[in-house]
Amino acid sequence: MIIYVNPMGAAELERVRSLPETGFGALRTDRGNLPLDRLDVRAAVSGLVARTEVTAEFVNTHDTALEATYIFPLPDRAAVTGMTMTAADRTVTAELQERGAAREQYDQAIAAGQRASIAEEERPDVFTMRAGNIPPGERVVVRLHLVGPLPYEDGAATFRFPLVVAPRYVPGAPLAGPYSGDGQTPDTDAVPDASRISPPVLLPGFPNPLRLSLEVTVDPAGLELGEVRSSLHTVAEEDGTLRIHPGERADRDFVLRLEYAPGGQTAVAVPDGEGGEGTYQLVVLPPAEAAPPRPKDVVLLLDRSGSMSGWKMVAARRAAARVIDTLTDGDRFAVLTFDNTVEHPDGLDAGLSPATDRNRYRAVEHLARADARGGTEMLTPLTSGLGLLTDSSGRDRVLVLVTDGQVGNEDQIVHEVVPLIGATRLHTVGIDRAVNAGFLGRLAALGAGRAELVESEDRLDEAMEHIHRRIGAPLVTGLAVDGEGITVADGSRTPRRLPGLYPGVPLVVTGRYTGAAGGAFTVTGRTRDDQEFRTRVTVEERTEPAVTAQWARARLRDLEDAYAAGDHQLEKTIVDTSLRFGVLCRFTAFVAVDERVVNEGGQVKRVTQPVEMPSGWETPAPAPPGIVLASAVSPFPGGPVAAAAPMFAPSPSAAPPSAPGFAPIGSVQADMSPPPFGGAAGDLRAVGSPAPRAHLKRARSRGAHSGGGALTLDEVRALVAVEADRLREATGRPAYERRDLLDDLSSRLTVLLTPLQEADFTPLRELVDLLGGDGTLEEKWEAALNVLTMFGEDPAASSDQTRKPFWKR
C-alpha cells in the first residue's frame, strides 16, 4: 500500500514545535488545539472474560462551540453494552437505537444547541464517536462499557486492546457527492464508507497528542495462573494492577498474555430472568492425538503491499517459510505473493505442485526475494487461491493468508469469497502492531480456521507454532451437538459452522435455549482413524450476564457476515437482536442527549481527531504533484495542515489520480440505494464478477465450459461426469476418506447450483439434500454414484421431472 500525504516542510515543523502547549498532552497547531485530551482504558480480567471501560475526554480550547469526531478501534470480539456522557457535573446514560434514528436524534440535538454524543460501529473493530455542542473551555467525558472473551489455546489466554486505526488500502473509483463520514479517504464504489474508516494521521515529529492511561487487573477465577507477559508495552505492577508507563503513545496494540493451566469441559446456562429463556455456553476439549494426519493441499498467500514494509515484511517472509516447512512429501502446495498483481515462484506450475524438496526450496527462494510495494488488492489472490483447492478430493484443504489486513473493502471480499470456501480451512496470520483483527477474524471464522496475530518478531515463532499445528488435520471432524433436557433455539448457535477439534484449542459453542436451565449436551464426531468421538457435559445454571452479551456479539457478527454475503433480508433481524440484548452493531448506535441548551443556534466548529501513524510504519511518501488532499480538521482560519490524510483524498467529484496501488476494481457498480451499514449511498453489488466461478476454470480446460455467462445443461453434465469418475475411483478407500469425499462433493454441487434455477437440475439439488441428511455412508455413496452417473450420461435423467429419484422409489 502506498500512502500519499503532503508533509510539512522543516520551517513549518519548527514553527509548530515552538508553539506553547496548553496542558500536558495537548497539541496546538495553527488550526487550533486537538479535541481529545485523555484516553483511559481500564480492564478487569476474570478468568477468560474481560470487562473494559474506555473513557474519552474531549476539551474545547476554542472560543466557539465544538463538535469533535474520533475514529478509534476496539477489540473485534468485545460487545459494547453501554455508554454514558458526563458534562458540567451531569451524567446522561445513552440509549441504543436503530442507527438512522440515533443519527437523527443526535443531529436534532446539535441543531437545538444541546450537548449530545453518539457512538457507531463501522467495522467489527473500528468505531466512530462524536461529541457536539461542547462550550468553550468545557470538557465532555464519554465512557463505553465492553465485555468480551479472551481467546485461549495451548495453555495461554490473550487480552488484546487496539489503540490506533491503521491506514487501509481502499480500492475503487471515488463516488460523486459529499463524503459519508469525517475521515480523509474518499468513498468509492468498492468501499462506499471509506471516509468513515480513515482518520487523519499525524505526521512524524509532533509531540504526544493525548494522555494515555491503561490498566488491567487479573482475577484467575479459579484457574491456575502462571506467567503474565506484555509484548509491546512496558508495564508496572502495583497492588495487583498492571499499568503502562506514563507518556506512552497510542500507536500500537496493547497485548497481554496470561498462562493458565487448562480447565475442564463445562456447560453453563444463564437465564434471562422471567420468561423461560436464556443463553448457554459449551466448552469442549479435544482428545489426545492418535492417528496420523491425511495428506493436504496448502495454498499460501503472502501480502507484499507497501503497508507491509519494514519489520512486517521480514516477519511475513519468515512466517510464510514456516508454512512451507510444515509440508511433507505427500502434500501439494502453491505460493502466491500479491500486491496489486499476483506472482508465483519461478519453476513451479501455476496450480498445485508436489511438496518435494526441490519445489519447497524454489518456494522459499521466491519468498526471500519478496519486498513491500504496491497496493493491497486482496480479492483476486483469495479467489484464485480458493479456486486451486476445489479439486482436492481425499485431501485436507488449507489456505493460509499472511497479511496486515489493511483493506477497506472487507464486505466486498466476504461477499465474493463465501461461495468459494466450501470445505477449505482458511487460516489468517495478521502481522502488524495495529492489525485489522476484525477482518482477519471474519475470514478465519468463515473458513473454520484460525486467526493468529503477530505484533512483533518476538511473537512470530510462538504464533507460527500454533499455525503449524493447525495446518495438520483436526483431531475430530463432523462435530454435532445435541441437547438432552435442554431445548436449544433453532438457528441461534454460534459458530454456525462447527469447526473440527484441534490440538490445544477448546471448542466454545454458545446459543439460546428455552424452558428449564438444566440437562446436558452430547458432542459427537469422528476421529482421524474413523472412530466415534463422544462426550457428555452436564449443564449448570449460573448468573453471568457476560455469557449473554458475548453470545449476542458473536450472533450479530454471523448475521452481519451473512448480510455482507448478500442476504439483505436480515437487516430487521440484526437490529432486533442488537436492541433486545443491548449490544452495539453496525445497524444501531448509542446516543446520549443532555436536555439543557448550552449553544443557542447550534453553530459548531467541527474537528476530527487525528491519530498516530502505527508504530513500525515508515514515513509516508510525498504526494505527487496535482493531488488535492483533504484537510486534517475542519477549516480553521489559515495555517498549514497539521495532520495529513492517510490516503490520497481528491475532491469528492474528482477521478482518482493515476498512481501505483489505486487501480479501480472492475466488474462492480454502485447502487445508490441506502447502504448496508448506515453509511453513504453506494451499496456495492457485484456485476458479472468472475470470482464465484473461479473453480470452473479448470473444468473449461477439460472441455466442460466453452463460454461466459451461466453454465449450460451440457456443461454441467460434463462436470458431473467427472465427479462420478472420482467416486468410482475412490470406491475402495477407507470409510472416513469416502465420507470426506462426499462432503467435498456436496459443497461443490452447492456452489455450482447456486446460480442455476432451472428445473433441469432438480436431481442434483435433491442429491445435495440427501448428502446433508442422516443416511448411512453406504446409502449416500450409492445414491451419489447413481445420480451422478445418470445425470452425466443420460440426457433424459435431467429433464424427466415426473420420475422420482431412485432412492425414493
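Note that the structure is predicted; figures quoted are calculated from it, not measured. (Residues numbered from 1 in each chain as written. Predicted model: local features only at pLDDT ≥ 70, side-chain atom pairs only at ≥ 80, totals over all residues. Heavy atoms only, no water.)

Asker: How do you make sense of the packing of aromatic side chains when you look at a structure like this?
Answerer: The geometry of two aromatic rings is summed up by the distance between their centres and the angle between their planes. Scanning all chains against the criterion turns up 7 aromatic pairs. Seen in terms of ring centroids, Y70 and F72 are 5.2 Å apart; in terms of plane orientation they differ by 20 degrees. Their pairing is stacked. For the pair Y70 and F72, a shared accessibility class is recorded, and that class is buried. Pairing F159 with F254 gives two aromatic rings, centres 6.4 Å apart and planes at 65 degrees, and the pair type is edge-to-face. Taken together, the residues F159 in strand β14 (residues 156-161) and F254 in strand β20 (residues 254-260) connect sequence positions 95 residues apart. The residues F159 and F254 share a single accessibility class, namely buried. Ring pairing ties together the aromatic residues Y70, F72 and F127, which thus form one cluster. Taking NZ or CZ as reference, R738 lies 5.2 Å from the ring centre of W781, over its face. (Phe/Tyr/Trp six-rings, centres within 6.5 Å; stacked < 30°, edge-to-face > 60°. Buried < 20%, exposed > 50% of the residue type's maximum accessible area, 1.4 Å probe, protein only. Helix = DSSP H or I, 4+ residues; strand = E, 2+ residues; numbered from the N terminus. Lys NZ or Arg CZ within 6 Å of the ring centre and 35° of its normal.)

Asker: Would you take a moment to explain the side chain of T55 for this structure?
Answerer: Mapped onto the fold, T55 is located in strand β5 (residues 49-59). Since its relative accessible area comes to 1%, T55 is described here as buried. Looking at T55, its side chain comes within polar contact range of the side chain of R143, at 3.4 Å. Apart from residues no more than four positions distant in its own chain, T55 is found in contact with R38, L39, D40, V141, V142 and R143. (Polar contact = N/O pair within 3.5 Å; in protein donor to acceptor, adjacent residues only side chain to side chain. Contact = heavy atoms within 4.5 Å.)

Asker: What should I look at first to understand the confidence of the model for the protein in this one?
Answerer: A low pLDDT score tells you not to read the predicted coordinates there in detail. Per-residue confidence for the protein gives a mean pLDDT of 78; residues scoring 70 or more make up 79%. Ranking the helices and strands of the protein by mean pLDDT puts strand β9 (residues 95-98) first, with 98, and strand β40 (residues 683-686) last, with 28. Within the model, pLDDT remains below 50 along residues 622-710, and this stretch shows 223 contacts once partners closer than five positions in the same chain are excluded. Confidence drops under pLDDT 50 across residues 796-809; counting only partners more than four residues distant or on other chains, this segment forms 28 contacts. (pLDDT = per-residue confidence, 0-100.)

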